[in-house]
Amino acid sequence: GENVEQHPSTLSVQEGDSAVIKCTYSDSASNYFPWYKQELGKRPQLIIDIRSNVGEKKDQRIAVTLNKTAKHFSLHITETQPEDSAVYFCAASIGLDQAGTALIFGKGTTLSVSS
Amino acid sequence: NAGVTQTPKFQVLKTGQSMTLQCAQDMNHEYMSWYRQDPGMGLRLIHYSVGAGITDQGEVPNGYNVSRSTTEDFPLRLLSAAPSQTSVYFCASSYSSGTGSYEQYFGPGTRLTVT
């Protein structure tokens, strides 16, 4: 089955710096790769996602890149702010025709942004 | 729309007891899934469904049963609770938007403790 590895498990940056989180996946049939942000005690919230036919996607300070050949994708947050502090999860769709049916998640990265 | 609802919010069970976690969505989404979240483990897929009458196993299905008799409801049954099933359980729903995004809409979660 699908396996998703996520690194690093913790990341501390100064406000204004950039943060990069990297993930690798094992199932070449996966074709949808979302990123979720989870604050303490709350449900995960989608922040950005990418399909396998796209190499890069950007939304304001957040960008995701995908290298399908190498089976890895990354989250880039620029100009970090204290409110970016949270746990971030990458995920890959299970290898079915219906992308987004269900997801396999990485173990998460705890991002701390200090001011 | 209420989105995805889960009941109960909190539950304490004794080892060997059975119970059903309820999940309902009012968005007419095709896909529904159950995840459990444990510290340091991310979210792990338990079972998922691509439509009424169709379910399949995820990463960690043992000890859990599901059924999907309607589009709206996707209950998760614990047959004989064990301390290892102490976790936060999230239900999610999604659909094929046609725009390339398959956002999983998460419920608020059920915190289950098995003593």
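Relevant structure appears above.
To start, this report covers the structure provided alongside it. Source: prediction; values computed, not measured.

What follows covers the overall build of chain A. The secondary structure content of chain A amounts to zero helices and 11 strands. Counting from the amino terminus, helix and strand elements in chain A follow one another as β-β-β-β-β-β-β-β-β-β-β. The C-alpha radius of gyration computed for chain A amounts to 14 Å, which stays within 12% of the reference 13 Å derived for 115 residues, consistent with globular compactness. Its C-alpha atoms give chain A principal-axis dimensions of about 45 × 30 × 20 Å. A sequence separation of at least 24 residues applies to 54% of the contacts in chain A between residues at least 6 apart. Carbon and sulfur atoms provide 45% of the accessible area of chain A, an area that totals close to 5,500 Å². Mean positive and mean negative side-chain charge positions of chain A (11 and 13 charges, respectively) differ by 4 Å.

In this section: the nonpolar core. In terms of nonpolar packing, the biggest core is built from 41 residues, with W35, F73, L75, F105 and L111 of chain A together with Y35 and F106 of chain B touching the most fellow members. Here the element with the most residues in this core is strand β9 (residues 86–93) of chain A; it accounts for six residues. Filtering out sequence-adjacent residues up to four positions away, L75 of chain A remains in contact with A19, V20, I21, W35, I47, I48, I62, A63 and Y88 of chain A. In terms of nonpolar packing, the next biggest core, distinct from the first, is built from 18 residues, V4, L76, C91 and L112 of chain B among them.

Residues H7 of chain A and P8 of chain A are joined by a peptide bond in cis, for which omega reads -5°. By the element assignment, P8 of chain A lies in the loop between β1 (4–7) and β2 (10–14). Geometrically, the link from T7 of chain B to P8 of chain B is a cis peptide bond, its omega value of -5° lying close to zero. With respect to the element layout, P8 of chain B can be found in the loop between β1 (4–7) and β2 (10–13). In this structure, K71 of chain A takes a positive phi of about 60° despite not being glycine. Here K71 of chain A lies in the loop between β7 (62–67) and β8 (72–77). Note on K71 of chain A: relative accessible area 26%, which makes it partly exposed. Despite not being glycine, E79 of chain A shows a phi value in the positive range, around 45°. Following the sequence through the fold, E79 of chain A ends up in the loop between β8 and β9.

Conventions we followed
- Residues numbered from 1 in each chain as written.
- Chains lettered and ligands numbered in written order.
- Predicted model: local features only at pLDDT ≥ 70, side-chain atom pairs only at ≥ 80, totals over all residues.
- Heavy atoms only, no water.
- Helix = DSSP H or I, 4+ residues; strand = E, 2+ residues; numbered from the N terminus.
- Rg over C-alpha atoms; globule rule 2.2 N^0.38 Å.
- Contact = heavy atoms within 4.5 Å.
- Areas by Shrake-Rupley, 256 points an atom, 1.4 Å probe, with all protein chains shown as cover.
- Lys, Arg positive; Asp, Glu negative; His and termini not counted.
- Charge placed at Lys NZ, Arg CZ, Asp CG, Glu CD.
- Core = buried A, V, L, I, M, F, W, Y, C linked by side-chain atoms within 4.5 Å.
- Buried < 20%, exposed > 50% of the residue type's maximum accessible area, 1.4 Å probe, protein only.

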